[in-house]
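Fold and geometry: a report
Each chain, letter by letter, is given below.
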Amino acid sequence: MEFKLDHTKDYFHVEFAEPVKMLSSAILNGGFQYACHFLNAKVDANFNGERTDFESPEISLDKLAKKNNWTGNCVGMMTAAYMKSFRSVKIERQGVWIEALVTAGVSNARRAGDIADYQFMNEECEKLGTINILLLTNAELTKAAMVESLMILAEAKAACMQDLNIKSRVSDTIATGTGTDSAAIACGKGPKVKYCGKHVLFGEILAKAVIQAISQSLQVVI
């Protein structure tokens, strides 16, 4: 996998040399996609679309991509976290590498199972990411392995919250993340990987990369 990374005060952007398989919870083009670009854009914490016409975050992200002439399918996230929190950690073993790219903040730290802020099904709610994570790997993953990778990512994030003793703003118990996190994984065409759990090396280095990247990112804000 070859890519170019741009990091500014307003966003970090990854342009892939060729379309890559990506699975994400992104606002713009989430789910399974073949992506040419990935974008994580900084906005104000009280953002609700553009200031005057209240357009959707998806439209705002799409406009930013077009403004920068990023042609092809773009997967996009938004974050209220500072771009100065951006950190990346790359770990390689036996010809397979995994890189975690992270922006993070914990102002709305939550523990899974906390009382929800929005109490109606399908109620419009905040979509800005606070801990946003992009995983990149040169390995070729099955779709099931991509799902499992995001499971391990979530567990690693929760472990990091525990290591740092970050408390939920709702229940004052150890947080497992924040209320607005987002995650993505993109894979290449290298060694084939079917399993990504905690018993296998891929899962080990994935989790270590995520924990290290989040820990380094949060050193800026806590």
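Predicted model only: the values in this text are computed from it and were never measured.

Looking at the nonpolar core
- Ranked by size, the top nonpolar core spans 39 residues in total, and within it L135, L141, F202, V210 and I214 carry the most contacts.
- Every element with two or more residues in this core is listed here: β5 (87–93), β6 (96–103), β8 (132–137), α2 (143–163), β11 (182–187) and α3 (201–218).
- Here F202 is in contact with V96, I98, T137, A139, L141, S149, V193, Y195 and C196, once residues within four sequence places are set aside.
- V20, A35, A184 and A186 belong to the second-largest nonpolar core, a separate cluster that totals 18 residues.

Section: the environment of L218
- The residue L218 is located in helix α3 in this model.
- We classify L218 as buried; its relative accessible area is 0%.
- Sequence separation between L218 and T103 is 115 residues, and the spatial gap between their C-alpha atoms is 8.4 Å.
- Excluding its chain neighbours within four sequence positions, the residues that come into contact with L218 are A104, G105, V106, M161, L164 and I166.

Things to note about the pattern of salt bridges
- Applying the stated rule across the entire model yields 7 salt bridges.
- Close ionic contact of K189 with E18 constitutes a salt bridge, the shortest N to O distance being 3.7 Å. Placement of the pair is K189 in the loop between β11 and β12 (192–193) and E18 in strand β2 (residues 11–24), with a sequence separation of 171 residues.
- Relative accessible area serves as the criterion here: at 64%, K189 is assigned to the exposed category.
- Residue classification places E18 among the partly exposed residues on the basis of a relative accessible area of 44%.
- One salt bridge in this structure joins D181 and K157, with 2.8 Å as the shortest N-O distance. Taken together, the residues D181 in the loop between β10 (177–178) and β11 and K157 in helix α2 connect sequence positions 24 residues apart.
- Owing to a relative accessible area of 12%, K157 belongs among the buried residues under this scheme.

A word on a nonpolar patch on the surface
- Side chains of Y82, L164, V221 and I222 sit close together on the surface and give an oily, nonpolar patch of about 370 Å² of accessible area.
- Take I222: it is sitting in the segment after α3.

Criteria and cut-off values
- Residues numbered from 1 in each chain as written.
- Predicted model: local features only at pLDDT ≥ 70, side-chain atom pairs only at ≥ 80, totals over all residues.
- Heavy atoms only, no water.
- Core = buried A, V, L, I, M, F, W, Y, C linked by side-chain atoms within 4.5 Å.
- Buried < 20%, exposed > 50% of the residue type's maximum accessible area, 1.4 Å probe, protein only.
- Helix = DSSP H or I, 4+ residues; strand = E, 2+ residues; numbered from the N terminus.
- Contact = heavy atoms within 4.5 Å.
- Salt bridge = Lys/Arg side-chain N within 4 Å of Asp/Glu carboxyl O.
- Patch = residues over 30% accessible without salt bridge, like charges linked within 9 Å, V, L, I, M, F, W, Y side chains within 5 Å.
- Areas by Shrake-Rupley, 256 points an atom, 1.4 Å probe, with all protein chains shown as cover.

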